[in-house]
Each structure stands twice: as structure tokens, then as C-alpha cells.
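Summary of the model geometry
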Amino acid sequence: MSKEIKEVPVLRVQNLGITFGGLKAVDSFSIDIGKSEFVGLIGPNGAGKTTVFNLLTGVYMPTEGSFYLEGQKMNGKKTHQVVAAGISRTFQNIRLFKKMTVIENVMVTMNMHMSYSLVSSIFRLPKYWKQEEEARKKALELLDIVNLKDKADITAENLPYGQQRRLEIARALGTGMKLLLLDEPAAGMNPTETSELLDIINVIRTKFNISILLIEHDMSLVMKVCERIQVIDYGVTIASGTPEEIANNPKVIEAYLGKDEEEGVALC
Ligand SMILES: Nc1ncnc2c1ncn2[C@@H]1O[C@H](COP(=O)(O)OP(=O)(O)OP(=O)(O)O)[C@@H](O)[C@H]1O
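Throughout what follows, the structure given in this document is the object of discussion. In this text, all values refer to a predicted model and were calculated from it rather than measured experimentally.

1. Some points on the side chain of Glu 184
With respect to the helices, strands and loops of the structure, Glu 184 is situated in the loop between strand 7 (179-183) and helix 7 (191-208). For Glu 184, which is buried and forms no salt bridge, the nearest opposite charge comes from Lys 49, at a distance of 5.7 Å. Ignoring anything within four residues of it in the chain, the contact list for Glu 184 reads Gln 92, Arg 165, Ile 215, Glu 216 and His 217.

Rendered as C-alpha cells:
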């Protein structure tokens, strides 16, 4: 059974929608995610998953519906305001500062929490150094969690692909978020890298007590980590339930495999 949400949910989405030209990419999308819940968002290619993330992070303005972070209405907020409020994400296509070092990539995400003045920064006053040192220490802790502590001073572009994906997660954690949106974190990873990612995601869940919404095509990963899964197809929610319920749902099987395929083909 899914965890009952007794308090104000971390994320509440009500009938969110967006139309591009004549195409309704997301239609009446609703979901509640409770504190430290881990929810999967799946669906065939072009179903509207990334568009949901873009709506939740202020990249797109919804044409209908609304969403709330811990009760605070977030519609119409710009991306930096959404991040400051506590929603952070990773991207399908890795977006790092490739010429910066691994640790610098994490430290820049912490800048919004720093309170030194421009003068302190220009003249490198003690307050500046103190906060820089604290940020560096925190960044190293986050890199340790994603198993990249020993790579802190390497330029990001020199990391292998799987490690760049893990650095993205450390960057998202650096913002000090309440809700983490992971967009296909296992894309392009080999089985060893995926298994390592799985361990890291589990550590993040327990250590940070944050809520996670995961988009992922690797069904075995989704089935292992998610407590609840919501399935969309052509922008519309077609199912929601536990991994077991979803894996056996005929509508979901049909959406993934087409009407002519035999039922009972495992999604996991
Ligand atoms: N900015 C845009 N302008 C026009 N159409 C868009 C835009 N962004 C997304 N779409 C369309 O909206 C639909 C949903 O796309 P989206 O990328 O959200 O799907 P997805 O489920 O994330 O797919 P995938 O699993 O392949 O990444 C697609 O038909 C896509 O072409």
C-alpha cells in the first residue's frame, strides 16, 4: 500500500496542463507527494514526462491547473524562485559547467544560501572565507555521498559519463531542496553504473529525508526504488499505484506494448 499522506504534501499538483499549438502535451495532471516519498513517473516516449518537470520548475507556464510546494502556490514563479523554494532537478541531457572542477560545480549551487556582501567578496574579507570554507566542506560531503570525493579537483568534462550523471545529483543536493526531480538518471549507464546509482539514491533518501519524483525508462530501477508509480500516456494519467499494481495493469501494458501484444509481459 502507498504511504498515506496525513500532513500537507510536499508537492501537490492539481489538474496541471499545457498546450503547444494544438497539442495538449500534459492534460489535467494531478499528484500528491508526501514527505520523503519516492514516486516514479513513467510513460512511453513523448508521453509528457519531461514537460511535467518543465512545468514544475518554471521552464514552462501552465495553461491550466496549479501546483504547491508545502502549501505554497508555485504557479508563475521563475526557475530561480522555484529552486530557492526547494524544488531541484537533474536533466535528461547532462548540464554541467564542463570547464569547472567537480567541487566548483557543486559549490556554485550553494551560492544562493551565502550571505556575504559584494564588498566581502571583492576584498576577500573573513566572512567571505568562512562561508567559502563551509561551502567547500559541505560540497565534499555531498561528493562523498555520490562517490566522487576523490574526483573533487578534476575538471567536470574529464569525468566518465556515469560519474557526470552522479555529479548532477550532487549539484541538485547542493541547493538544499525539499523535492528532487530526477529525469532519467540511469540513461546511458551500464548495469554496474545503474546498480551504483541505485545505492546512491537509497542513501540520499534516508540521509536527506527528501521527496523524489523519478522519470526513468529502466523499469527494473523504477520497480525497485519507487513506493508509488504514476503512468502517463499522451499527457493523460492512465494509472497510479504500487509497482506491483502498475506492472500488472492492462492499460499500462497496452500503452507500452501496443494493443496487439499479449498481456502479461512483465514491465520489470
Ligand atoms: N516546447 C515544445 N514545443 C512543442 N512541443 C513540445 C515542446 N516540448 C514538448 N513538446 C511535445 O510534447 C510532447 C511530450 O514531450 P515530452 O518531452 O514531455 O515527453 P516525454 O514523456 O518526456 O518523452 P521521452 O520519454 O521521449 O523523453 C511531445 O509530443 C513533444 O514533442
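2. Some details on the environment of Met 100
In this structure, Met 100 sits in the loop between strand 6 (87-89) and helix 3 (102-107). Judged by its relative accessible area of 25%, Met 100 falls in the partly exposed class. Along the primary structure Met 100 and Thr 155 are separated by 55 residues, whereas in three dimensions their C-alpha atoms are 5.5 Å apart.

3. Side note on the nonpolar core
Counting residues in hydrophobic clusters, the biggest one holds 49 residues, and the most contacted among them are Val 106, Leu 143, Leu 167, Ile 229 and Ile 246. Contact partners of Leu 167, with chain neighbours within four places excluded, come to Leu 96, Val 102, Asn 105, Val 106, Leu 143, Leu 148, Ala 156 and Leu 159. Counting 28 residues, the second-largest nonpolar core is a separate cluster that includes Leu 16, Val 26, Leu 69 and Val 82.

4. A closer look at the site of the ligand
As a structural note, the neighbourhood of the ligand is formed by 15 residues, with Gly 46, Gly 48, Lys 49, Thr 50 and Thr 51 the closest of them. Take Thr 50: an N or O atom from its main chain is 2.9 Å from an oxygen atom of the ligand. At 2.9 Å, a side-chain N or O of His 217 approaches an oxygen atom of the ligand. Its free accessible area being 630 Å², the ligand has 63% of it covered by the protein chains.

5. Some remarks on the pattern of salt bridges
Applying the stated criterion to the full structure yields twelve salt bridges. With a closest N to O distance of 3.9 Å, Asp 183 and Arg 89 form a salt bridge. Placement of the pair is Asp 183 in strand 7 and Arg 89 in strand 6, with a sequence separation of 94 residues. Look at Asp 183 and you get buried, because its relative accessible area is 1%. The class of Arg 89 is buried, set by a relative accessible area of 11%. With a closest N to O distance of 3.7 Å, Asp 150 and Lys 151 form a salt bridge. Overall, Lys 151 belongs to the partly exposed group, its relative accessible area being 22%. One salt-bridge network, in which partners are shared between bridges, spans Lys 24, Asp 27 and Glu 64.

About the thresholds
- Residues numbered from 1 in each chain as written.
- Predicted model: local features only at pLDDT ≥ 70, side-chain atom pairs only at ≥ 80, totals over all residues.
- Heavy atoms only, no water.
- Helix = DSSP H or I, 4+ residues; strand = E, 2+ residues; numbered from the N terminus.
- Buried < 20%, exposed > 50% of the residue type's maximum accessible area, 1.4 Å probe, protein only.
- Lys, Arg positive; Asp, Glu negative; His and termini not counted.
- Salt bridge = Lys/Arg side-chain N within 4 Å of Asp/Glu carboxyl O.
- Contact = heavy atoms within 4.5 Å.
- Core = buried A, V, L, I, M, F, W, Y, C linked by side-chain atoms within 4.5 Å.
- Near = heavy atom within 4 Å.
- Polar contact = N/O pair within 3.5 Å; in protein donor to acceptor, adjacent residues only side chain to side chain.
- Areas by Shrake-Rupley, 256 points an atom, 1.4 Å probe, with all protein chains shown as cover.

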